[in-house]
Amino acid sequence: MTWLHDALEAVFAVLAWPSAIYFLLSNTALLVLILIAARHFARYLRRSEHRGDDAMAASPLSLGVSVIVPAYNEAAVIRTSVRSVLDLRYPDHEVIVVNDGSADDTMRVLLEEFDLVEDDRDIPGRMPVRGTIRRVWRSRGGAVPLTVVDKENSGRSDSVNVGLDLAAKELVVMVDADSILEPDALLSVSKPFADDPERVVATGGVVRIVNNSRVQGGRITEIRMPRQLIARIQVVEYLRAFLLGRTAWSDLQALILISGAFGMFRRDVLIEVGGLDPDSIGEDFELVMRIQRWIHEGRRDARVEFVAEPVSWTEAPSTFRVLARQRRRWHRGLWEVLWGYRRALLNPRYGRVGMLALPYYWLFELLAPLIEVVGIVLVVLGLAVGAVDPGMALLLLLVSYGYGALVTLAAVIVEEASFHRYERWRDLGATLWAIVAENLGYRQLTAIWRLQGWWAGIAGTQQVWGEMTRTGFAEADASGQRQADGRG
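Residues numbered from 1 in each chain as written. Predicted model: local features only at pLDDT ≥ 70, side-chain atom pairs only at ≥ 80, totals over all residues. Heavy atoms only, no water.

K.L.:
Whenever I open this one, the packing of aromatic side chains confuses me. Can you help?
P.N.:
Centre-to-centre distance and the angle between the planes together describe a pair of aromatic rings. Scanning all chains against the criterion turns up 13 aromatic pairs. Residues Tyr 22 and Phe 364 carry aromatic rings whose centres are separated by 5.5 Å and whose planes lie at 50° to one another, so their mutual orientation is tilted. Here Tyr 22, found in helix H1 (residues 2-47), pairs with Phe 364, found in helix H11 (residues 351-366); they are 342 residues apart in sequence, far enough to count as distant. In this pair, the class of Tyr 22 matches that of Phe 364, namely buried. Taken together, a centroid distance of 6.1 Å and an interplanar angle of 45° make the contact between Trp 335 and Trp 454 tilted. (Phe/Tyr/Trp six-rings, centres within 6.5 Å; stacked < 30°, edge-to-face > 60°. Helix = DSSP H or I, 4+ residues; strand = E, 2+ residues; numbered from the N terminus. Buried < 20%, exposed > 50% of the residue type's maximum accessible area, 1.4 Å probe, protein only.)

This is the structure:
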């Protein structure tokens, strides 16, 4: 096996230092984003007592909001999710649930829980939609601002477009059916529109994981770390990406991704750009990039913002099978959107979006799993045949995983100091263990899954979305006992 030894030694000699520098730059860039977010949180918290949420909640001048909830096979969570959205503290909002041809009891639960009657209203036809609408329902008497659309299955994006077609308010929010919003979420995420109605066209909010937290009456009454390690690690990932990363990009005026689980948009802008693209795997990313193109190529004085405080709680995958499917889809969507908007990369016309955000996503998001998997294979094989210097292998380990863990720890410290979501010491201990455990197999698995998604996108294979298995929210009844909201 001398040839293998010599070949690995030659390859490692070429790639070792570039790989070490790549991981050093990647983790340092993330640390810089975390520090930018920390500065933002400090300013935000100083102003928090003077935000005027109570005045907005009572003001008849607040912009109306249409909350669109696409639902497919969500019988286990739809009751709690819709109830939480209906009960949000906001002066003028309607809820539009679009049942995307569910094969379970989603529609029956909605009919029984919210006492729906048929609605013969005309469909405006402002948006091109694919799925045939079977029926439109509304709450009896109109006392509850709820509309339910029952349609043939045509995907989440097309369902959102159906809801957008029916939306009557100035602002539109897209919320996944497996989500629970905090009571003041609409007030917080709509405040940038109230402060600067001419320029703000879209805002995003924080998405966090609800697994094993206590829910009562559609509200989170006790925040807990998930019991399963796989979900705990995702808590750490969401803090890093959804809270700190997007806060920093928003501060840099280069936000290019708002989570489809919780985003608010001006309705007129959504209609002008054509709504969500039903053919896109990364439909939320693609929509924000299309809005950024509308801003920069049209030379419009407009911006997209991220608001750190409003929270949408969502159920994270609790099995490796479902998680693998999610991560393959996410990375395939990342590749397809980046490639589709490659003309914006390093294009000065796109400002910081083209010169900062897109290079970061190409280098440190898209390419990361390829470099990581190749590095692991080379190091393991090289050590096995004695072709790799152990000292250099240790250096790569430290700058990729050791430094990465320290950066993640910094993210957790910033979040805990700013918002202090978890009250119990055991939850903080579980968070620290999740930071360590993320690097012990989980990160390597997700890198492989992301590569598979990327390859599927390059090869153009058909995307099969699959189904996210729901366990239901942990509801607490009046006696304090916990039960799954999966009845029906």
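K.L.:
Please explain empty space enclosed by the protein as it appears in this structure.
P.N.:
If you roll a probe as big as a water molecule over the atoms, it shows you where there is empty space left. The final tally for this structure, using the stated rule, is three cavities of 30 Å³ or more. Here the largest cavity defines a volume of roughly 40 Å³. Taken together, Val 235, Leu 239, Val 412, Glu 415, Glu 416, Tyr 422, Leu 428 and Thr 431 form the lining of the largest cavity. Going through the elements one at a time, helix H7 (229-251), helix H13 (390-419) and helix H14 (425-459) are the ones with two or more residues in the lining of the largest cavity. Among the elements that line the lining of the largest cavity, the one with the most residues is H13, at three residues. (1 Å grid on protein atoms, 1.4 Å probe; cavity = no way out; pocket = protein on both sides within 12 Å on 5 of 7 lines; lining within 4 Å. Points joined across faces, edges and corners; volume = space filled by probe spheres on them.)

K.L.:
Even after reading the chapter, I still don't get the environment of Arg 138, so can you show me in this structure?
P.N.:
Here Arg 138 lies in strand S4 (residues 133-139). Residues Arg 138 and Val 414, 276 residues apart in the sequence, show an inter-C-alpha distance of 44 Å. Beyond its immediate sequence surroundings of up to four residues, Arg 138 is in contact with Asp 115, Leu 116, Val 117, Glu 118, Asp 119, Leu 146 and Thr 147. (Contact = heavy atoms within 4.5 Å.)

K.L.:
So what exactly am I meant to see when it comes to the packing of H13 against H14 here?
P.N.:
In a packed pair of helices, the relevant descriptors are the angle between the two axes and the axis-to-axis distance. With their axes 11 Å apart at the nearest point, H13 and H14 run at an angle of 150° to one another. Considering their axes alone, H13 and H14 lie roughly antiparallel with respect to each other. Here H13 runs over H14; the crossing is right-handed. Between H13 and H14, the contacting residues are Ser 400, Tyr 401, Ala 405, Thr 408, Leu 409, Val 412 and Glu 416 on the first element and Leu 428, Thr 431, Leu 432, Ile 435, Glu 438, Asn 439, Arg 443 and Gln 444 on the second. (Axes fitted to C-alpha atoms, helices over the stretch in contact; angles between N-to-C directions. Parallel < 35°, antiparallel > 145°, perpendicular 65-115°, else oblique. Left-handed = near helix turned anticlockwise from the far one by under 90°.)

K.L.:
Teacher, can you tell me more about the side chain of Arg 246 here?
P.N.:
By secondary structure assignment, the location of Arg 246 is in helix H7. Here Arg 246 occupies a buried position and makes no salt bridge, while the nearest side chain of opposite charge, Asp 284, is found at 6.2 Å. (Lys, Arg positive; Asp, Glu negative; His and termini not counted. Salt bridge = Lys/Arg side-chain N within 4 Å of Asp/Glu carboxyl O.)

K.L.:
Looking at this structure, I do not really get the sheet that holds strand S8 (residues 200-209). What am I missing?
P.N.:
Remark on secondary structure: sheet strands pair via backbone hydrogen bonds, oriented parallel or antiparallel. Taking strand neighbours across the sheet as the criterion, the 10 strands line up as S3-S4-S5-S2-S1-S6-S11-S8-S12-S7 in an open arrangement whose pairing is mixed. Two strands close off the open sheet at either side, each with one partner strand: strand S3 (116-118) and strand S7 (179-181). This sheet shows a mean twist of 30° between the axes of neighbouring strands, independent of strand direction. Two elements, S8 and strand S12 (residues 303-314), share nine bridges in a ladder whose sense is parallel. (Pairing = 2+ DSSP bridges.)

K.L.:
Any chance you could explain helix H4 (residues 106-114) here in plain terms?
P.N.:
One turn of an α-helix holds 3.6 residues; hence residues three or four places apart share an orientation. Taken together, the buried positions of H4 are Thr 106, Met 107, Val 109, Leu 110 and Phe 114. The buried residues of H4 all sit within an arc of 160° when viewed along its axis, so they share a single face. Packing partners of the buried residues in H4 comprise strand S1 (65-71), helix H3 (78-86), strand S2 (93-100), S3, S4 and strand S5 (146-151). Asp 115 occupies a position one or two residues after H4 and carries a positive phi of about 50°. (Arc of directions from axis to C-beta.)

K.L.:
I keep staring at unusual backbone geometry and nothing clicks. Help me out?
P.N.:
The phi torsion at Asn 212 lies on the positive side, around 75°, for a residue other than glycine. Of note, Asn 212 is situated in the loop between S8 and strand S9 (214-216). You will see that Gln 253, though not glycine, has its phi angle at about 55°, which is positive. The residue Gln 253 is located in the loop between H7 and strand S11 (262-266) in this model.

K.L.:
Which parts of the structure should I look at to understand the nonpolar core?
P.N.:
The nonpolar side chains of a soluble globular protein tend to be buried with one another. Membership of the largest hydrophobic core comes to 142 residues, with the highest contact counts inside it found for Val 97, Leu 146, Val 201 and Val 304. Ranked by the residues each element gives to this core, the list is headed by H1, at 13 residues. Not counting the four nearest positions on each side in its chain, Val 97 is found in contact with Val 69, Ala 71, Ile 78, Val 82, Leu 110, Leu 146, Thr 147, Val 148 and Val 149. (Core = buried A, V, L, I, M, F, W, Y, C linked by side-chain atoms within 4.5 Å.)

K.L.:
Explain a nonpolar patch on the surface here, please?
P.N.:
Nonpolar side chains collect at one region of the surface, where Val 11, Val 14, Leu 15, Leu 370 and Val 374 lie side by side and expose about 360 Å² of accessible area between them. Elements supplying a minimum of two residues to the nonpolar patch: H1 and helix H12 (368-385). Here the element with the most residues in the nonpolar patch is H1; it accounts for three residues. Note that Leu 370 resides in helix H12. (Patch = residues over 30% accessible without salt bridge, like charges linked within 9 Å, V, L, I, M, F, W, Y side chains within 5 Å. Areas by Shrake-Rupley, 256 points an atom, 1.4 Å probe, with all protein chains shown as cover.)

K.L.:
Could you clarify how one ought to interpret the environment of Ala 344 in this entry?
P.N.:
Within the element layout of this structure, Ala 344 appears in the loop between helix H10 (320-340) and H11. Assessed through its relative accessible area of 2%, Ala 344 is described here as buried. Along the backbone, Ala 344 and Arg 293 are 51 residues apart, and their C-alpha atoms lie at a distance of 8.2 Å. If sequence neighbours within four positions are ignored, Ala 344 has contacts with Tyr 350, Gly 354 and Leu 358.

K.L.:
Where do I start with the pairing of S11 in this structure?
P.N.:
For a regular strand, side chains alternate in direction, first toward one face of the sheet and then toward the other. In terms of burial, S11 is largely enclosed, as five of its five residues are buried. Residues of S11 alternate between two faces, with Phe 262, Met 264 and Arg 266 on one and Gly 263 and Phe 265 on the opposite face, all of them buried. Across three bridges, the pairing between S8 and S11 is antiparallel. Looking across to S11, one finds that Gly 204 is bridged to Gly 263.

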